[in-house]
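Here is what each chain is made of, one letter per residue.
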Amino acid sequence: MGRTSKDKRDVYYRLAKENGWRARSAFKLLQLDEEFHLFQGVTRAVDLCAAPGSWSQVLSQKIGGQGSGHVVAVDLQAMAPLPGVLQIQGDITQVRLSTAKEIIQHFEGCPADLVVCDGAPDVTGLHDVDEYMQAQLLLAALNIATHVLKPGGCFVAKIFRGRDVTLIYSQLRVFFSNVLCAKPRSSRNSSIEAFAVCQGYDPPEGFLPDLTKPLLDHSYDFNQLDGPTRIIVPFVTCGDLSSYDSDRSYPLDLEDGSEYKYTPPTQPPISPPYQEACTLKKKGRLAKELRPQDCPISTVDTLSQPLAAPQRHTLLAPEVRKPVAQGPLCPFSEPTVEDSEMNCSP
Amino acid sequence: MDAPEDYVWPRATSELILLPVTGLECVGDRLLAGEGPDVLVYSLDFGGHLRMMKRVQNLLGHYLIHGFRVRPEPNGDVDSEAMVAVFGSKGLRIVKVSWGPGRFRELWRSGLWNMSDWIWDARWLEGNVALALGHNSVVLYDPVVGCMLQEVPCTDRCTLSSACLIGDTWKELTIVAGAVSNQLLVWYPAAALIDNKPVAPDRRVSGHVGVIFSMSYLESKGLLATASEDRSVRIWKVGDLRVPGGRVQNIGHCFGHSARVWQVKLLENYLISAGEDCVCLVWSHEGEILQAFRGHQGRGIRAIAAHERQAWVVTGGDDSGIRLWHLVGRGYPGSGVSALCFKSRSRPGTLKAVTLAGSWRLLAVTDTGALYLYDLEVKCWEQLLEDKRFQSYCLLEAAPGPEGFGLCAMANGEGRVKVVPINTPTAAVDLTLFRGKVHSLSWALRGYEELLLLASGPGGVVACLEITAAPTGKAIFVKERCRYLLPPSKQRWHTCSAFLPPGDFLVCGDRRGSVLLFPSRPALLKDLGVGGKAGAVTGALGAGSGSGGGETALTEWGPVSTLPSLHGKQGVTSVTCHGGYVYTTGRDGAYYQLFVRGGQLQPVLRQKSCRGMNWVAGLRMVADGSMVILGFHANEFVVWSPRSHEKLHIVNCGGGHRSWAFSDTEAAMAFAYLKDGDVMLYRALGGCTRPHVILRESLHGREITCVKRVGTITLGPEYEVPSFMQPDHLEPGSEGPGLTDIVITCSEDTTVCVLALPTATGSAHALTAVCNHISSVRALAVWGIGTPGGPQDPRPGLTAHVVSAGGRAEMHCFSIMVTPDPSTPSRLACHVMHLSSHRLDEYWDRQRNRHRMVKVDPETRYMSLAVCELDRPGLGPLVAAACSDGAVRLFLLQDSGRRLQLLAETFHHKRCVLKVHSFTHEAPNQRRRLFLCSAATDGSLAFWDLTTVLDHGSGALEPPADPGLPYRLGTPCLTVQAHSCGVNSLHTLPTREGHLVASGSEDGSLHVFVLAMEAPELEEAMGGDLVPQLHVLEEYSVPCAHAAHVTGLKILSPSLMVSASIDQRLTFWRLGHGEPTFMNSTVYHVPDVADMDCWPVSPEFGHRCALGGQGLEVYNWYD
Ligand SMILES: C[S@@+](CC[C@H](N)C(=O)[O-])C[C@H]1O[C@@H](n2cnc3c(N)ncnc32)[C@H](O)[C@@H]1O
């Protein structure tokens, strides 16, 4: 597999590189905007979980007409600077009031028109944990939004459509007059990600934003676990049908006639947490078990368990088992004691 | 209005779950394992049996179990009764259990308590439970009444990724919290004296550069261990953590895992860690790795437990397997490598070759032609003989059999072979067989009755010598029985041989990679009159005397059957006959299963060895009925168990090119090799059996992508289908004839699995796993379901053909046969035979003028398959494949699956095609017609009339654009825009009006419509080229049917439909009264469900439904 294989498998990855976006997710925001006109009239936007920064790139280019827009980007990771984008490095689930204040300050005291959050945890593969972590990021983003968003403003956040996604819908509906679930065509069919598009920020009467406490997720009550009253918000597919299909593999020479040329990634990947482990491994310096590695000697229970059938194939062509002859045919198989004693040399 | 009860019927109930094992705990001599919301209880009777005792269902409702906390008894005795806190996500429940020999009982259970936030840890504080919650707060909970007594948050309310509670009273309670910032926060909830005010952290500890997933505290030594995303484990000296302000010192930073570390546990003398790399490591507290346990498959080990008294470690995997390992600490009793100190002044010469005669006698020859014996028991060298004629070149091979039969053979460069009785070397027999070099020697043993030695000489001639012993035991007789001739090749010699039971044939492998079948007594065959045939074969191979310098006038017999180059250019390394099959291994990194039918060798299945083992050297059957593979992995000799995926032995011997020998008995195994002029010997007691125990076999290592039910086998009571449920849990009457459903699954782990699911016991048995694919397997199709003996045969059994397809545009066809086998736990055995395979890129490479064509993308994935059985006799079924490159491709399977050909394709959809589904239309006075429906990521469905396509002369199949290319399918006969985005499920049912078609989509919607067919009457059709007209009659859409992709859909009857989605709901829909209406839904536990199959079982039993995703779950309902 060469370096072009990812280009073949993922057309948006390739297009992002060719168009100077830092990540393929830029297309998701662009397609969401195509459908919802998210950027219309927006001059102040907050990009939560922004690294490596392709959404910030889109925002800084698309909002506020002639470069009068302001973008604040928050992420755990540092990202390469972008013109017109203020960066705050920090954990959005741990925001103190100061962060919200800093955002407002940057907007010269005005609230934001748009808050977006494309945050995703590093998935562990355990679905319940991953879904929970994703929900916490969304709720943290919502918590920030309640501080910085203007009434009527818009909030867009990534969701995982898993078992309890309807709980998130019911929670978002408390704060927004219109909540939809949207999936841009650049997001794959095989992925459970989608975006909650919440328009018309309208907190319940008497609601006091409180950044000292986390927003906790709802639990099932009227939004039933298995009944017909589950809150499933309308689903909208964004991006027009003629756009590229993210699940399809494309030949390198696309149909528009353009000739393929390999483009290196726009942004080198951020140093991952496992970098040291990788370096050690490359140098062969990961700890190894003591050798000779082998089996401790002990008696074993052989066990027959459900889901334990050893792969045993029997008799398609019958094997005839002859009784083991113990006759005089092979006297050499049993050396006598004297023999081995005799053979012993000093 | 309909009666309300219509809306609650049918009700699906869960029958069986196979999910990642996410919690493990030892309680007395029992092991509790959390699988989804269920607890599995295993009895760990020391010395007795290890077995599954019980499944306690649905303990945590729709939560998954992440941990157990056993309430410590005041007297420290938990030998027969315990209170256990079971927790996972936001749920907590207490159960009181008691046990004794052969029984385990649940005495009481509390309510299921829901917390406001995620539970990272729980700890018993006298009668209450302290819980560490998701946003860094601690709750004191009364688990009996179910009320919160106190809640104290930390001032730093970040989200946590793990937590560890320490202390036995609220006053001394200490929490170590793992924050998203990778820091450890230590704080004391009891410090909140007033109003449960937030408490500031006492200490913040940094070190890890990734999130912390697990922590363990060892009070007796004042140690804390942490496991992280950064792939390391850290050991901290913390002293008594309950004392504020203490010093925290990082004393160990352990890198040993090659992926994220999920779990860590400190024991009195060890540290156990396990992670995403599926390895469980045992460390000393000083950070040295003492043992490594490998064997789990897939995404890692999720849970660990230890039984310190028994020195056991138990691991639970994402593959839903549970394994028990023995802790031995440092040193390995009874095994290791030792040098046998050959070099000495009394033994001149350099060692050339080594062999093992049984497991305790080793033989070696030197370049002086001397043969030495080393007795491993007596530990000394002894010269047996010296023969100068063997000094420049000498092959050495000991006879097989547990103690090597007491014989060995030597061969030299001048065609001479010497057979030596080890105990009486003076009785050695010499023969000159050839004029040139003897290239190879091998033995073949039949029971204890017949012993042959095969020697390859020049020109591909193999001399077959018969060895017998004089009754006195002091002399042997060596007689040349016959000669064989190998097919021509550059390196024309044989490499291995074995008798094919009952003994009329010999199976040999050669250096060219071919497997050959020879009659073991060709002359006898001729005498019996069959010889004419054999002679003809010989003639055909151009054999005769003198072709290779044979001195005798013996005929050279050619093989009666050959599988040319089965193992490729590097050669065959071994042949073994067992259980009616022949197994061969080769230096192509694979082993083959073959059988002989009608005197012909037939390949059954090719299996890959473990990764990196490109040189498979041999194969052994071990006592428990499984096999082990021997081979070389770079510089190491490895004994690998395909059943447990474990490397049982690893010897760093420098590779397979030097002389080496292997032998094993039940008591011990030995591996000898030459290194630096000496013999090195590795010995291990216990032979090739694994000391570790598989408490539960794993299913798939990664996500299941497709499930298909094949059929049902009814086993009479004589088979006594066992059950792990206690008898009182079985419903009366369910002991009757055992109905077992056979289901096949395929997975991203590149395997296809055949499962047996008995209806009565709620258990699952993996019958066999087929691993032919190089990439993930995404789709299956089954056809030609029958019984092994044909329709007349009343014996139980099942046969079927299966096509599997997936990544890298790869497709395989194989047949399965399931037959009763009383010796297995399921009472069934499954035989698999590989029939054919197809890869698109290879197909393109074969086309002659391929330079003129756009080459197909080798990254193309097959997303779904459908089989269309044709009614024309002799014409095998069509297989339709949905392809990620935007094509729907039609393949023709012929010769009962042995030929798989690309027939036609269409790029109509222009987008990734997600689903294909086939159905037939039958109506009186009309021709039976085959239809195919395909659906893509844009939400559109297309219908294709395959009958027209296959009609010769019809215009539906356009000739290829280029010769050699497949035909092109014309335009579909109908398209329907059903959804706004990808279609993930599709099903049809014939009805009176036509066909009911239902589809489910990524957008959570369902689309149902009636497809009417106006087909021409039979007589009309004869004349013209009339094709049926398709119309959509009634069309309904249910927009928010599910909150995620609808990946499973079945129309059960014209009035009932069931759907399944990634939102983990199984929902019933009423059809036939206008819009489909919601009836009821059930929450299931398998995340990411990719496929569902439903089938009626019996009138009493109703329906069964299997859901496959990140695990497998089986539901049933009564009709
Ligand atoms: C999918 S990426 C966002 C990509 C970005 N929208 C773009 O277009 O370039 C998710 C980001 O979420 C960030 N993230 C995850 N958890 C976070 C947290 N608790 N606080 C801040 N950022 C977080 C990660 O660092 C990561 O960069």
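So, how was this worked out
Residues numbered from 1 in each chain as written. Chains lettered and ligands numbered in written order. Predicted model: local features only at pLDDT ≥ 70, side-chain atom pairs only at ≥ 80, totals over all residues. Heavy atoms only, no water. UniProt positions renumbered as here; feature names shortened; annotations may be inferred. Pairing = 2+ DSSP bridges. Helix = DSSP H or I, 4+ residues; strand = E, 2+ residues; numbered from the N terminus. Axes fitted to C-alpha atoms, helices over the stretch in contact; angles between N-to-C directions. Parallel < 35°, antiparallel > 145°, perpendicular 65-115°, else oblique. Contact = heavy atoms within 4.5 Å. Nonpolar A, V, L, I, M, F, W, Y, C, P; charged D, E, K, R; others polar. Buried < 20%, exposed > 50% of the residue type's maximum accessible area, 1.4 Å probe, protein only. Polar contact = N/O pair within 3.5 Å; in protein donor to acceptor, adjacent residues only side chain to side chain. Salt bridge = Lys/Arg side-chain N within 4 Å of Asp/Glu carboxyl O. Core = buried A, V, L, I, M, F, W, Y, C linked by side-chain atoms within 4.5 Å. Near = heavy atom within 4 Å. Areas by Shrake-Rupley, 256 points an atom, 1.4 Å probe, with all protein chains shown as cover. Patch = residues over 30% accessible without salt bridge, like charges linked within 9 Å, V, L, I, M, F, W, Y side chains within 5 Å. Phe/Tyr/Trp six-rings, centres within 6.5 Å; stacked < 30°, edge-to-face > 60°. Lys NZ or Arg CZ within 6 Å of the ring centre and 35° of its normal.

- With an unreviewed UniProt entry as reference, chain B is termed tRNA (34-2'-O)-methyltransferase regulator WDR6, source organism Canis lupus familiaris.
- Among the UniProt annotations of chain B, the heading Subcellular location (unreviewed entry) holds the following wording: "Cytoplasm".
- Of chain B, the UniProt comment under Sequence similarities (unreviewed entry) reads exactly: "Belongs to the WD repeat WDR6 family."

- Looking up chain A in an unreviewed UniProt entry gives the name Putative tRNA (cytidine(32)/guanosine(34)-2'-O)-methyltransferase, with the organism given as Canis lupus familiaris.
- Of chain A, the UniProt comment under Sequence similarities (unreviewed entry) reads exactly: "Belongs to the class I-like SAM-binding methyltransferase superfamily. RNA methyltransferase RlmE family. TRM7 subfamily."
- Comment text from UniProt for chain A, heading Catalytic activity (unreviewed entry), reads "cytidine(32)/guanosine(34) in tRNA + 2 S-adenosyl-L-methionine = 2'-O-methylcytidine(32)/2'-O-methylguanosine(34) in tRNA + 2 S-adenosyl-L-homocysteine + 2 H(+)".

## A short note on the sheet that holds strand E53 (residues 627-633) of chain B
Residues and elements named next belong to chain B.
Inference 1: Spatial ordering of the open sheet is given by E52-E53-E54-E55, a layout of four strands whose pairing is antiparallel. The sheet terminates laterally at strand E52 (615-621) and strand E55 (646-652), the two strands that pair on one side only. Each neighbouring strand pair of the sheet contributes to a mean axis angle of 20 degrees, computed without reference to strand direction.
Inference 2: Note: strand E54 (residues 636-641) against E55, six bridges, orientation antiparallel. What sits directly across from Val638, in E55, is Ile650.

## Topic: the packing of helix H6 (residues 127-148) of chain A against helix H7 (residues 165-175) of chain A
Residues and elements named next belong to chain A.
Inference 1: Here H6 crosses H7 at 0 degrees, and the two axes come no closer than 12 Å. One way to sum up the angle between H6 and H7 is to call them roughly parallel. Across the interface between the two elements, Ala135, Leu138, Leu139, Leu142 and Thr146 of H6 pack against Ile168, Gln171, Leu172 and Phe175 of H7.
Inference 2: Tallied by class, the residues present in the contact of H6 with H7 amount to seven nonpolar, two polar and no charged.

## So, the UniProt feature "binding site: S-adenosyl-L-methionine" (unreviewed entry) in chain A
Inference 1: Under the feature "binding site: S-adenosyl-L-methionine" (unreviewed entry), the UniProt entry names Gly53(A), Trp55(A), Asp75(A), Asp91(A) and Asp118(A).
Inference 2: With respect to the helices and strands, Gly53(A) occurs in the loop between strand E1 (44-48) and helix H4 (54-62).
Inference 3: Along the polypeptide, Asp91(A) turns up in the loop between strand E3 (85-89) and helix H5 (97-106).
Inference 4: Overall, the relative accessible area of 12% leaves Asp91(A) in the buried class.
Inference 5: If we skip the residues at most four places from it in the chain, Asp91(A) touches Leu76(A), Cys158(B) and Val180(B).
Inference 6: Of note is the side chain of Asp91(A), whose polar atom sits 2.8 Å from the side chain of Thr93(A).

## Looking at the pattern of salt bridges
All names here are of chain B.
Inference 1: Within the structure shown, the criterion is met by 55 salt bridges over all chains.
Inference 2: The partner of Glu172 in a salt bridge is Arg242, with the nearest N and O atoms 3.3 Å apart. Linking Glu172 in the loop between strand E15 (160-166) and strand E16 (174-179) with Arg242 in the loop between strand E21 (232-237) and strand E22 (249-255), this pair joins segments that are 70 residues apart in sequence.
Inference 3: The exposure class of Glu172 is partly exposed, given its relative accessible area of 25%.
Inference 4: Note that Glu450 is salt-bridged to Arg446, the shortest N-O span being 2.6 Å.
Inference 5: A cluster of three or more residues bridged by salt bridges with shared partners is formed by Arg446, Glu449, Glu450, Glu466, Arg481 and Arg521.

## Comments concerning the nonpolar core
Inference 1: Formed by 61 residues in total, the largest nonpolar core has its most connected members in Ile742(B), Met811(B), Ile816(B), Tyr862(B) and Leu865(B).
Inference 2: Element by element, the count of residues in this core is highest for strand E64 (residues 777-786) of chain B, at six residues.
Inference 3: What Leu865(B) contacts, discounting residues up to four positions off in sequence, is Ala779(B), Leu780(B), Ala781(B), Val803(B), Ser804(B), Ala805(B), Met811(B), Val879(B), Ala880(B), Ala881(B) and Val916(B).
Inference 4: One finds Val74(A), Ala100(A), Phe107(A) and Leu142(A) within the second-largest nonpolar core, a separate group that totals 48 residues.

## Looking at the site of the ligand
Residue and element names in this part refer to chain A.
Inference 1: Around the ligand sit 21 residues in total, of which Gly53, Ser54, Asp75, Asp91 and Asp118 are the nearest.
Inference 2: Measuring from a nitrogen atom of the ligand, one finds a side-chain N or O atom of Asp91 at 2.7 Å.
Inference 3: Contact distances for the ligand include 2.8 Å between a nitrogen atom and a side-chain N or O atom of Asp118.
Inference 4: Bound to the protein, the ligand loses 87% of the 600 Å² it would expose on its own.

## A few points about the pairing of strand E57 (residues 668-675) of chain B
Residue and element names in this part refer to chain B.
Inference 1: Most of E57 is tucked away, with seven of its eight residues classed as buried.
Inference 2: Examined bridge by bridge, strand E56 (residues 660-664) and E57 share five bridges and lie antiparallel to one another. Following the sheet pairing, Asp664 is matched in E57 by Met669.
Inference 3: Between the antiparallel neighbours E56 and E57 lie three residues.
Inference 4: Bridge count for E57 against strand E58 (residues 678-685) is eight bridges, and the pairing is antiparallel. Paired with Ala670 across the strands is Arg683, a residue of E58.
Inference 5: As consecutive antiparallel partners, E57 and E58 are separated by two residues, and within that stretch Asp676 has a phi angle of approximately 50 degrees, a positive value.

## Side note on the UniProt feature "active site" (unreviewed entry) in chain A
Residues and elements named next belong to chain A.
Inference 1: What UniProt calls "active site" (unreviewed entry) maps, in this numbering, to Lys158.
Inference 2: By the secondary structure assignment, Lys158 is in strand E5 (residues 149-160).
Inference 3: Those residues in contact with Lys158 that sit more than four places away from it in its chain are Cys117, Asp118, Gly119, Ala120, Gln134, Leu138, Glu193, Ala194 and Phe195.

## Examining helix H3 (residues 26-36) of chain A
All names here are of chain A.
Inference 1: Most of H3 sits inside the fold, with nine of its 11 residues counted as buried.
Inference 2: Of all the residues in H3, the buried ones are Ala26, Phe27, Lys28, Leu29, Leu30, Gln31, Leu32, Asp33 and Phe36.
Inference 3: His37, located one to two residues past H3, shows a positive phi value of around 50 degrees.

## Looking at the side chain of Thr988(B)
Residue and element names in this part refer to chain B.
Inference 1: By secondary structure assignment, the location of Thr988 is in strand E78 (residues 983-990).
Inference 2: Residue classification places Thr988 among the buried positions, given a relative accessible area of 8%.
Inference 3: Separated by 2.9 Å, the side chains of Thr988 and His917 make a polar contact.
Inference 4: Leave out the neighbours within four places in its chain, and Thr988 touches His917, Phe919, Leu996, Val997 and Ile1051.

## Overview of a nonpolar patch on the surface
Inference 1: Together, Leu107(B), Trp108(B), Val144(B) and Val145(B) give the surface a local cluster of nonpolar side chains, amounting to about 360 Å² of exposed area.
Inference 2: Of the residues examined, Leu107(B) reaches a relative accessible area of 43% and is grouped as partly exposed.

## Quick look at unusual backbone geometry
Inference 1: Note the cis peptide between Ala51(A) and Pro52(A), where omega equals 0 degrees.
Inference 2: With respect to the secondary-structure elements, Pro52(A) resides in the loop between E1 and H4.
Inference 3: With an omega of 5 degrees, the peptide bond running from Pro501(B) to Pro502(B) counts as cis.
Inference 4: With respect to the helices, strands and loops of the structure, Pro502(B) is situated in the loop between strand E43 (494-500) and strand E44 (505-510).

## Observations regarding the packing of aromatic side chains
Inference 1: In total, this model carries 33 aromatic pairs over all chains according to the counting rule given.
Inference 2: Residues Phe637(B) and Phe671(B) carry aromatic rings whose centres are separated by 3.8 Å and whose planes lie at 10 degrees to one another, so their mutual orientation is stacked. One end of the pair, Phe637(B), is in strand E54; the other, Phe671(B), is in strand E57, with 34 residues separating them in the sequence. As far as burial versus exposure is concerned, Phe637(B) and Phe671(B) are alike and both buried.
Inference 3: Three or more aromatic residues joined by ring pairs make a cluster, and in this case those are Trp615(B), Phe632(B), Phe637(B), Trp660(B), Phe662(B), Phe671(B) and Tyr673(B).
Inference 4: Over the ring of Tyr250(A) we find Arg248(A), and its NZ or CZ is 4.7 Å from the ring centre.
Inference 5: Residue placement shows Arg347(B) over the ring face of Phe342(B); its charged tip is 5.4 Å from the ring centre.

## Concerning the side chain of Ser641(B)
All names here are of chain B.
Inference 1: Along the chain, the position of Ser641 falls in strand E54.
Inference 2: For Ser641, a relative accessible area of 3% gives the class buried.
Inference 3: Among the polar contacts listed, one links the side chain of Ser641 to the side chain of Ser644, at a separation of 3.1 Å.

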